[in-house]
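Spelled out from the first residue to the last, the chains are:
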Amino acid sequence: MPLPKNDCMIRLTVPMLFLLLFGLCSVVTPARADDGSGAPPLFVPQLLDAQATLVGQKLDHLHSSYAGSLSLPASGDQAVSRTFGVYFGMRLPAHVAFYLDTELFTGGGINKGTGLAGYVNGDVVRAGPGSGSKQRPYIARAYLDWNWPLGATSAPVARAQDQLPGTLATQRIELKLGRLALADDFDKNRYANDTRHQFMNWDFINAAAYDYAADTRGYTDGFIAAWVQPHWTLRYGLYQMPLLANGQALAGPLGRARAEQIQLSLRPFGSDGFVLRLLAFRNIAQMGSYAQALAVAASGGTTPDIIANDRYGRRKHGYVINAELPLADAGDTGLFARWAWNDGHNQSFAYTEADRALSVGAQLSGVHWRRSGDQIGVAVDFSGLASAHRAYLAAGGCGFMLCDGALDYGRERVVEAYYRLQFGHNLQLSPDLQWIANPGYNHARGPARVVGLRMHLSL
């Protein structure tokens, strides 16, 4: 991802502005209501969080029998990404809140965000090579959140990103409307869901085969309805799909292109125990068909092109089974697992190029060596392709993440381990190691080894 000409100024001014804001917020106490509830008053914007995350990564040289336009470079690569965010919230009447998040991404990722299904840096803006997209501040989220209590029982909630302090009913109806991140509400997992604090590989942030709706920055416009109970939650979401695969512009109207998902979350032992999430999704968009692209190429003696046969009305459906099991240390030590599947007939569109994925992992709290804020994470993922998708890449076809020019197919396997060091309340440093066998599902390449260091600064 090329940097704009004034990137040097961005590098200097953004960190200085962030540090100035951080310093001011450290000495300013947000206003509280006078009713003793601890909730902020109505119509008063609250600064909920401000963050900066820097990720440096280095790809070692790797074996490569041949290469295509998006292949990982055999000589290796290195990159630094920088993400800055400021997050606000405002309480409104009738159990409504408004949230506004602004972010800025600068820098880039290894091989400009391509060459792997399980990409190594979840903070990378997926604009793709040669996009020419300028790295400017943008609105990440802007939405209304309505929570209607269904009972008298409530629980305290602390100030956090997209969470106003106060209390929240444990039985409620929740509605959200606006610019959202779909992954904030679907396929969440306590141990593998946050690229700025946990695993960085895309395979562990969400299920790789869950092709959820998002623009290149990970956001979209949509609506969520949820029925929340102490031992289960039923959630439905309707969102806009991108106009093109991995595109920034969103398609409309919803009658022509949309993403639908429904998820049942089961908590049989309460909020701090085992959680099982069962998710089903369907995407309708201007997709290309792998089989049709192959047929056209075979009849004309050309290389298949998925974009050349795209049309509205094509669909992709799939499901995710997602589990987390706290073991000890108030849940800071535990296990997780995900299994995901999609039909793989039509074009990978918004997340990554994967049609089947299984991931398992663990988190261990540093309380066992007197570092209660530290944690260790280790996980492994196995991802694969449907037969039509596999044949398309083998014939030289290109997706938005993968293009080797040919394919000696093998499941892509990712192993990641990190250690998060907590310094006080505000600073984290996380050394990270990733090992990828068959990068891009190709036996002719790899294994790939990536070493990284993440620094995260937060209020």
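All figures in this text were calculated on a predicted structure; none of them were measured in a lab.

Here is what the cut-offs are and how they apply
- Residues numbered from 1 in each chain as written.
- Predicted model: local features only at pLDDT ≥ 70, side-chain atom pairs only at ≥ 80, totals over all residues.
- Heavy atoms only, no water.
- pLDDT = per-residue confidence, 0-100.
- Contact = heavy atoms within 4.5 Å.
- Core = buried A, V, L, I, M, F, W, Y, C linked by side-chain atoms within 4.5 Å.
- Buried < 20%, exposed > 50% of the residue type's maximum accessible area, 1.4 Å probe, protein only.
- Helix = DSSP H or I, 4+ residues; strand = E, 2+ residues; numbered from the N terminus.
- Salt bridge = Lys/Arg side-chain N within 4 Å of Asp/Glu carboxyl O.
- Polar contact = N/O pair within 3.5 Å; in protein donor to acceptor, adjacent residues only side chain to side chain.
- Disulfide = S-S within 2.5 Å.
- Phe/Tyr/Trp six-rings, centres within 6.5 Å; stacked < 30°, edge-to-face > 60°.
- Lys NZ or Arg CZ within 6 Å of the ring centre and 35° of its normal.

A. Structural context of the confidence of the model for the protein. In the predicted model, the protein carries a mean pLDDT of 90, and the fraction of residues at 70 or more is 90%. The model gives residues 1–36 a pLDDT under 50, and that stretch makes 51 contacts with residues more than four places away or in other chains. Within the model, the stretch residues 127–132 combines pLDDT values under 50 with eight contacts to residues more than four positions away or in other chains.

B. Summary view of the nonpolar core. If you look at the biggest cluster of nonpolar residues, it comprises 66 residues, and the most contacted ones within it are Tyr 119, Tyr 210 and Tyr 239. Per-element accounting of this core gives the leading share, four residues, to strand β11 (residues 275–287). Sequence-distant contacts of Tyr 119, that is, excluding residues within four places in its chain, are made with Gly 109, Ile 110, Gly 113, Thr 114, Val 124, Met 200, Asn 201, Trp 202 and Met 401.

C. Structural context of the pattern of salt bridges. Inspection of the entire model under this criterion finds 18 salt bridges. For the salt bridge of Arg 449 with Asp 60, the shortest nitrogen-to-oxygen distance reads 3.9 Å. Here Arg 449, found in strand β18 (residues 448–458), pairs with Asp 60, found in the loop between β1 (46–59) and β2 (77–92); they are 389 residues apart in sequence, far enough to count as distant. With a relative accessible area of 27%, Asp 60 lands in the partly exposed category.

D. Representation of the side chain of Ser 383 in the model. Among the structural elements, Ser 383 can be located in strand β15 (residues 375–384). Residue class for Ser 383 comes out buried when judged on its relative accessible area of 0%. Only 2.6 Å separates the side chain of Ser 383 from the side chain of Asp 381, close enough to count as a polar contact. With residues near it in sequence (within four places) discarded, Ser 383 still touches Asp 203, Ala 208, Ala 354, Arg 356, Ala 357, Arg 411, Glu 412 and Tyr 441.

E. Up close: the state of the cysteines. Scanning all chains against the criterion turns up one disulfide. Between the sulfur of Cys 398 and that of Cys 403 lies a disulfide, 1.9 Å long from S to S.

F. Spatial organisation of the packing of aromatic side chains. Evaluation of the coordinates by the stated rule reveals 17 aromatic pairs. Taking 5.4 Å as the distance between ring centres and 35° as the angle between the ring planes, the aromatic pair formed by Tyr 99 and Tyr 143 counts as tilted. Pair noted here: Tyr 99 is in strand β3 (residues 96–107) and Tyr 143 is in strand β4 (residues 138–149), with a separation of 44 residues, a long-range link. Judged by relative accessible area, which is 5%, Tyr 99 ranks as buried. Feature note: the residues Tyr 119, Trp 202, Tyr 210, Tyr 212, Phe 281 and Tyr 351 constitute an aromatic cluster, connected by ring pairs. Taking the ring centre of Tyr 138 as reference, the NZ or CZ of Arg 217 above it sits at 4.2 Å. Lying over the aromatic face of Tyr 418, Arg 454 brings its terminal NZ or CZ to 6.0 Å of the ring centre.

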